[in-house]
Each structure stands twice: as C-alpha cells, then as structure tokens.
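An overview of the molecular structure
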Amino acid sequence: MTSGLWELVLKGIWVTVQLLVLSTLVATVVSFAVGIARTHRLWIVRFLAGLYTEVFRGTSALIMIFWVFFVLPLAFGWQLVPLWAGTLALGLTYGAYGTEIVRGALNSVDPAQREGGIALSFTPWQRMRLILLPQAVPEMIPPFSNLLIELLKGTALVSVMGMGDLAFSANLVRLALQESTEIYTYVLLIYFVIAFLLTRLMRGLERKLKAGLGKPVGNTPQQELRRPETTGVGAGGAVG
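Structure report, in brief. These figures come from a predicted structure and were not determined experimentally.

One non-glycine residue, serine 121, lies in the positive phi region at around 65 degrees. Given a relative accessible area of 61%, serine 121 falls into the exposed group. Even without a glycine there, the phi angle at glutamine 178 is positive, about 55 degrees. Within the secondary structure, glutamine 178 is located in the loop between helix H7 (166-177) and helix H8 (181-212). Judged by relative accessible area, glutamine 178 falls into the exposed class, the value being 65%.

A few words now on the packing of aromatic side chains. A full pass over the atoms with the stated rule returns nine aromatic pairs. On the basis of an interplanar angle of 80 degrees and a centroid distance of 5.0 Å, the ring pair of phenylalanine 69 and phenylalanine 70 is categorised as edge-to-face. Note on phenylalanine 69: relative accessible area 13%, which makes it buried. When its relative accessible area of 43% is taken as the criterion, phenylalanine 70 is described as partly exposed. An aromatic cluster of at least three residues, connected via ring pairs, comprises Phe66, Phe69 and Phe70.

For the rest of this paragraph, the subject is the pattern of salt bridges. With the rule as written, the count across this model stands at seven salt bridges. Residue arginine 103 pairs with glutamate 100 through a salt bridge whose shortest N-O separation is 2.9 Å. In this pair, arginine 103 and glutamate 100 both sit in helix H4 (residues 82-107), three residues apart, roughly one turn of the helix. Judged by relative accessible area, arginine 103 falls into the partly exposed class, the value being 26%. One salt-bridge network, held together by shared partners, links Arg38, Glu100 and Arg103.

A few words now on a nonpolar patch on the surface. On the surface, a nonpolar cluster with roughly 690 Å² of combined accessible area is contributed by Leu42, Trp43, Ile44, Phe47, Leu48, Leu51 and Val55. Take valine 55: it is sitting in helix H2 (residues 43-57).

Rules used in this analysis
Residues numbered from 1 in each chain as written. Predicted model: local features only at pLDDT ≥ 70, side-chain atom pairs only at ≥ 80, totals over all residues. Heavy atoms only, no water. Buried < 20%, exposed > 50% of the residue type's maximum accessible area, 1.4 Å probe, protein only. Helix = DSSP H or I, 4+ residues; strand = E, 2+ residues; numbered from the N terminus. Phe/Tyr/Trp six-rings, centres within 6.5 Å; stacked < 30°, edge-to-face > 60°. Salt bridge = Lys/Arg side-chain N within 4 Å of Asp/Glu carboxyl O. Patch = residues over 30% accessible without salt bridge, like charges linked within 9 Å, V, L, I, M, F, W, Y side chains within 5 Å. Areas by Shrake-Rupley, 256 points an atom, 1.4 Å probe, with all protein chains shown as cover.

And the structure:
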C-alpha cells in the first residue's frame, strides 16, 4: 500500500480508539448507575432499571445506531455528529449488558457484610461505597473484560453512518486497490492486537484490585493440588 493509504488506515484506527474510549465511559457509567439501581430497596426503582436493561438488551446495536443517527433528528430537531451518535448508541446498548454484571457481583457479596454495615449504622450509600463495591468490583473485571472486547468489535457498526473508523477506512482502501485478502487480513490483525492489549490491561487491573483485598488471581498449582475435586476424590472420600 502507498503511504497515503496507510495514513487513511491509521486515521481509521484513531477514530476507532476514540469511539471505544468514549463509548466505554458511557457504558461504565450506565452499568454502575443502573446496576446499583437494580438492587435498590424500592420496587419502582428496580422496575425502571430492569425495564431499561431489557429494552436495550433486546434491541440490535446496529438498529440503535440507525435510530440515534436518523430518527432522533426527526423527533427532536437536532443532529448528532457520527462520533457522538455512535458513542451514545453503543454506550447505552453495551451498558445494558454491564448492568447485569454489576447486579450479579453486588448480589454475590456475603450477606453478613451487609449486616455488618447495618450494625455499624452505615447509610445505604455508605454500605455500598465502603463495603459492597470494594468487594464486588474485582469480581466484575473478567466479565467486563469480555464486554469490552465485544464493544471493540461493535465499533465497526458505525461505518454504516459513513464514519471513518477502521472498518470504513479499510473498505475504502480495498476499493482503491481492488484487493480484499490482504486488506482484511491486516484489519483482523489490528483488531486482534487492540483486543489483546485491552485484555492485558484488564488482567493487570484485576490483579491490582484483588491484591488490595488480599485475594489471589486464579488458583496456584499448590491450591489446585489441595482441592479434593482435582484428585478425583469426592467429599465423602469415595473415588468417583
């Protein structure tokens, strides 16, 4: 490829990274806000949070992008630029999946921890901030890592708006060179490299958070040897 075409691809990578970062921020805020709301003591709050989750999980991200970019201007009279339309659509859609991660992690915290906070006369917000979230957040990292990779792949959908992301730029290069195999192989490798770096980043974050709680990440070989189920011996001592 010529230097001009490579420059087009690099611009596409930059747009994809921007979209990924912005939509991740939106999805993270939505995930925690709605996920916490799904554990609220008031049923109406839980109902509204659950309604949002079901609506956005049950709709296509591609159609949501179309709706935000083409329908919102007709309904409200203002037009979002492609970057912000994609950010809003992807952030709201993938944030709906993140709410279930947050809700599940919060519910997995030992009930005794909640009772301890009540015994100390903590307010609900203090219990959430000081007791529940510090223990739940490390457990959210692995599923959030998977969701982040899915969001990365979902950024390619914004090319339908003519936005110059990596997928759109690669298609322009393909049309210019009339070569599909080489171009799309490069694009696959680029997405893989970004995804791999994101996975390493999330794994490092998980280790740091669990280290702060004194928890190991995964099982060491010594821990595996001490687990009865790994030796084929059941709880009663009989061989399975």
